[in-house]
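Descriptive analysis of the structure
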Amino acid sequence: MRIAIAGGGLGGLTLALILRKHGMDPVAYEREADRSARSQGGSLDLHPESGQRALAEAGLADRFRSTARPEGEEHRVLDPAGRTLVHHRPPPGSFDGRPEIDRRLLRDLLLDSLPDGTVAWGHRLVAVTPRPAGGFRLAFDGGGHADCDVLVGADGARSVVRSLLTDAPLFPVATLAELTISDADRRHPELAELVGPGNLWCVGAGRILAAQRLGDGSIRVGVTLPADAPADAPADGRRVDTKRALLDVFDGWNPGLTALIEAGDGPPTPRTIEAMPTGTRWTHRPGVTLLGDAAHLMPPVGEGANQAMLDAAELGEEIARNPDDPDAAIRAYEEAMFARILPIAEMSARVQSMMLSPTAADDLVRFFAPRPA
Ligand SMILES: Cc1cc2nc3c(=O)[nH]c(=O)nc-3n(C[C@H](O)[C@H](O)[C@H](O)COP(=O)(O)OP(=O)(O)OC[C@H]3O[C@@H](n4cnc5c(N)ncnc54)[C@H](O)[C@@H]3O)c2cc1C
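Residues numbered from 1 in each chain as written. Predicted model: local features only at pLDDT ≥ 70, side-chain atom pairs only at ≥ 80, totals over all residues. Heavy atoms only, no water.

For the protein chain, an unreviewed UniProt entry supplies the name FAD-dependent oxidoreductase and the organism Virgisporangium ochraceum.

And the structure:
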């Protein structure tokens, strides 16, 4: 059985690793030229029941423990004046919660465990056509082709494989502008102290100024605005692509907080954050399925990578259990995945709109308040 995985991101690589563990030989076709072609972004917290479970399934639990940063779980929520509304500190050295790991290190962990040739770099999938005898023919940018019996679309938010299964639209949920402050401890010790070892969210009506510590000593700063921001918080890409424009959005905020924008190494990089409709599902089609953002792109509130990796673990386990009948395996995976994702996608949409609401600060304090056991 020739299994092709479109995309060598966190979901695709986890699946490749788990299938190999079960004696299969998949190929992950990745559009990037090599592992360092593009910055992999910030840090992720891996949850025990999803991301960590998938890593354990892939045989990487110990390597995750030696690479992750449990202290990165610390987070604070501040109001625009800089007052602390919430401060969570994990018990020192504890791995019970959701330790943080830089995305780049996590991807390297997966890549380093795969033999050469499992990832076919520089293969941007541009079209998929069913073959008369079953399976699919993949066409790549530049003219190359490959055939497969089973195709897994792990090709992210703008998946090419998705169109074989659903025409669910993408819709904008927020505008994000990102900056990096490199070598923060030495160059900006006061900001390093403000952000601490984990995450900081400064929350005002309809706008968030967030900062995140990475393992390489840099700080990643992100400004989130509603996709349909009001006139005083312009959200279209052209107007949040300079530090000056961003500082205007946070006019009146404590200068100790907006210093995070001023300290950025270069101009902010704006992008639109999109999502698929909550509850998207499709009718099973033989030989093809989706996982991760290709299957269920959600607002980014801390679940996407975790669920992509769990999708991979569950799909890999189903195929390993049922190697002679991959369609039964795919069907079982899809039904379980649709049921698991629905409440998570609903929660993600709720949290995203809460974070950008006019009463975000109060809502977040309630959200983080300890609940009775
Ligand atoms: C700002 C932000 C913060 C986030 N924070 C978190 C967090 O804290 N925790 C969390 O769990 N999730 C987080 N997420 C969500 C998370 O990033 C995604 O859900 C996760 O990366 C999905 O994994 P994936 O493997 O499905 O897709 P991706 O990681 O996007 O991987 C897809 C891969 O496919 C490749 N590809 C794309 N198109 C093609 C093609 N045509 N041909 C070949 N290859 C292709 C891409 O190059 C990429 O390598 C965040 C998202 C954003 C935007």
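**Examining the site of the ligand**
The cut-off we apply is this: Near, as used in this document, describes a residue that has one of its heavy atoms within 4 Å of the molecule or strand being considered. Think of a polar contact as two N or O atoms within 3.5 Å of one another; within protein, one of them needs to be a possible hydrogen donor and the other a possible acceptor, and neighboring residues in sequence only count if both atoms come from side chains. Here the open area of atoms and residues is found with the Shrake-Rupley method and a 1.4 Å probe, where only the protein chains shown may cover a residue.
G11, E30, R103, L125 and D293 are the nearest of the 32 residues found near the ligand. Interatomic distance of 2.8 Å between a backbone N/O atom of G11 and an oxygen atom of the ligand. The contact in question runs from an oxygen atom of the ligand to an N or O atom on the backbone of A305, over 2.9 Å. For the ligand, whose unbound accessible area comes to 1000 Å², protein coverage reaches 84%.

**Here's the deal with the environment of P277**
What counts here: Only DSSP runs of H or I reaching four residues or more are called helices, and only runs of E reaching two or more are called strands; each is numbered from the N terminus.
Its place among the elements puts P277 in the loop between strand 16 (269–275) and strand 17 (288–290). Measuring from C-alpha to C-alpha, the distance between P277 and L170 comes to 7.3 Å, with 107 residues separating the pair along the chain.

**Considerations on the sheet that holds strand 1 (residues 3–6)**
Filter applied, for reference: If DSSP finds at least two bridges between two strands, the strands pair. Two residues qualify as a contact provided that any one of their heavy atoms is within 4.5 Å of a heavy atom in the partner residue. Note on definitions: angles span 0 to 180 degrees between N-to-C directions of axes, and those axes are lines fitted to C-alpha atoms, for helices only across the stretch in contact.
On the basis of which strands lie adjacent, the open sheet formed by five strands has the order 7-2-1-11-17 and parallel pairing. Strand pairing shows two members of the sheet lacking a second neighbour, strand 7 (119–120) and strand 17, which therefore form its edges. Pairing of strand 1 with strand 11 (residues 150–153) involves four bridges; the strand directions are parallel. Within the sheet, the bridge partner assigned to A4 lies in strand 11 and is L151. Against the sheet, helix 11 (residues 326–355) makes contact with strand 11 and strand 17, and its axis sits at roughly 25° relative to strand 17, the strand it touches most.

**Observations concerning the layout of surface pockets**
The condition that has to hold: For cavity detection a 1 Å grid was placed over the protein atoms alone, and a set of points counts as a cavity when a 1.4 Å probe fits there but cannot get out; an open set counts as a pocket when protein lies on both sides within 12 Å along at least five of seven lines, with lining residues being those that have an atom within 4 Å of a point. Grid points are joined across faces, edges and corners, and a volume is the space filled by probe spheres set on the points. Note on residue classes: Ala, Val, Leu, Ile, Met, Phe, Trp, Tyr, Cys and Pro are nonpolar, Asp, Glu, Lys and Arg are charged, and everything else, Gly too, is polar. Annotation comment: domain bounds sourced from an automatic or database domain assignment.
Estimates place the volume of the second largest pocket at around 340 Å³. With nine residues, the single largest contributor to the lining of the second largest pocket is helix 11. For the lining of the second largest pocket, the class distribution of residues is 18 nonpolar, six polar and two charged. Among the domains, domain 1 (3–72 + 100–169 + 277–355) and domain 2 (171–275) are the pair contributing at least three residues each to the lining of the second largest pocket.

**Details of the packing of aromatic side chains**
Two aromatic rings are characterised by how far apart their centres lie and by the angle between their planes. Condition: Whether two aromatic rings pair depends on their centres lying within 6.5 Å, for rings of Phe, Tyr and Trp, where Trp uses its six-membered ring; planes under 30 degrees apart make the pair stacked, over 60 edge-to-face, and the rest tilted. Buried means the residue's accessible area, taken with a 1.4 Å probe over protein chains only, is under 20% of the maximum for its type, while exposed means over 50%, and partly exposed covers the values in between.
Per the stated rule, a full pass over the model turns up three aromatic pairs. Each ring, one from Y29 and one from F140, has its centre 4.8 Å from the other, and the planes form 35°; the classification is tilted. Of this pair, Y29 sits in strand 2 (residues 27–29) while F140 sits in strand 9 (residues 136–140), and the two are 111 residues apart along the sequence. Each member of the pair Y29 and F140 is classed as buried. Seen in terms of ring centroids, W282 and F338 are 4.8 Å apart; in terms of plane orientation they differ by 85°. Their pairing is edge-to-face. Taken together, the residues span a long stretch of sequence, with W282 in the loop between strand 16 and strand 17 and F338 in helix 11 at a distance of 56 residues.

**Comments concerning the UniProt feature "domain: FAD-binding" (unreviewed entry) in the protein chain**
Rule in force here: UniProt positions are given in the numbering used here, feature names are shortened, and annotations may be inferred rather than shown by experiment.
UniProt annotation of "domain: FAD-binding" (unreviewed entry) refers to residues 3–165 and 287–321 when read in the numbering used here. Across residues 3–165 one finds 22% helix and 26% strand; the C-alpha atoms that close the span lie 18 Å apart.

**A word on the side chain of S357**
Tracing the sequence through the fold places S357 in the loop between helix 11 and helix 12 (360–368). With relative accessibility at 13%, the residue S357 sits in the buried group. Of the polar contacts made by the side chain of S357, one reaches the side chain of D363; its length is 3.3 Å. The residues touching S357, leaving out its near neighbours within four places in the chain, are G204, A205, G206 and D363.

**Considering the sheet that holds strand 14 (residues 207–213)**
Within a beta sheet, neighbouring strands are joined by backbone hydrogen bonds and run either parallel or antiparallel to one another. Strand order in this open sheet of seven strands is 5-4-13-14-15-12-16, and the pairing throughout is mixed. Only two strands of the sheet have a single neighbouring strand rather than two, namely strand 5 (84–88) and strand 16. Sheet twist, expressed as the average angle between the axes of neighbouring strands with direction ignored, equals 20°. Sheet strands touched by helix 8 (residues 255–262): strand 4 (75–78), strand 12 (171–181), strand 13 (199–204), strand 14 and strand 15 (219–226). Its angle to strand 14, the strand with the most contacts, is close to 70°. Set on the sheet, helix 12 makes contact with strand 4, strand 5 and strand 13; between it and strand 13 the angle comes to about 140°.

**As for helix 10 (residues 304–321)**
For the record, the criterion: Take the number of residues in a helix, subtract one, and multiply by 1.5 Å to get its expected span.
Taking 1.5 Å as the rise per residue, helix 10 with 18 residues should run 26 Å; its terminal C-alpha atoms sit 26 Å apart, in good agreement. Taking burial as the measure, the 18 residues of helix 10 include 15 buried ones, the bulk of the element.

**Side note on the domain arrangement of the protein chain**
Quick reminder of the rule: The rule for a salt bridge is simple: a side-chain nitrogen of Lys or Arg has to be within 4 Å of a carboxyl oxygen of Asp or Glu.
The domain boundaries assigned to the protein chain delineate domain 1 (3–72 + 100–169 + 277–355) and domain 2 (171–275). Using only C-alpha atoms to locate each centre, domain 1 and domain 2 end up separated by 29 Å. Every contact between the two is made by 18 residues of domain 1 and, on the other side, 19 residues of domain 2. Between domain 1 and domain 2 we count one salt bridge in total. When the shortest N-O distance is used, the salt bridge between E274 and R158 registers 2.8 Å. Between the two partners, domain 1 and domain 2, sit five residue pairs in polar contact (both at pLDDT 80 or more). Put simply, the parts of the chain that give the side of domain 1 that touches domain 2 at least two residues each are strand 6 (100–102) and helix 11. Partitioning the side of domain 1 that touches domain 2 into residue classes produces seven nonpolar, six polar and five charged.

**Things to note about the environment of G144**
Locating G144 in the fold gives a position in the loop between strand 9 and strand 10 (145–148). In sequence terms G144 and H123 are 21 residues apart; their C-alpha atoms lie 8.2 Å from each other. Not counting residues up to four positions away in its chain, the partners in contact with G144 are L138 and A139.

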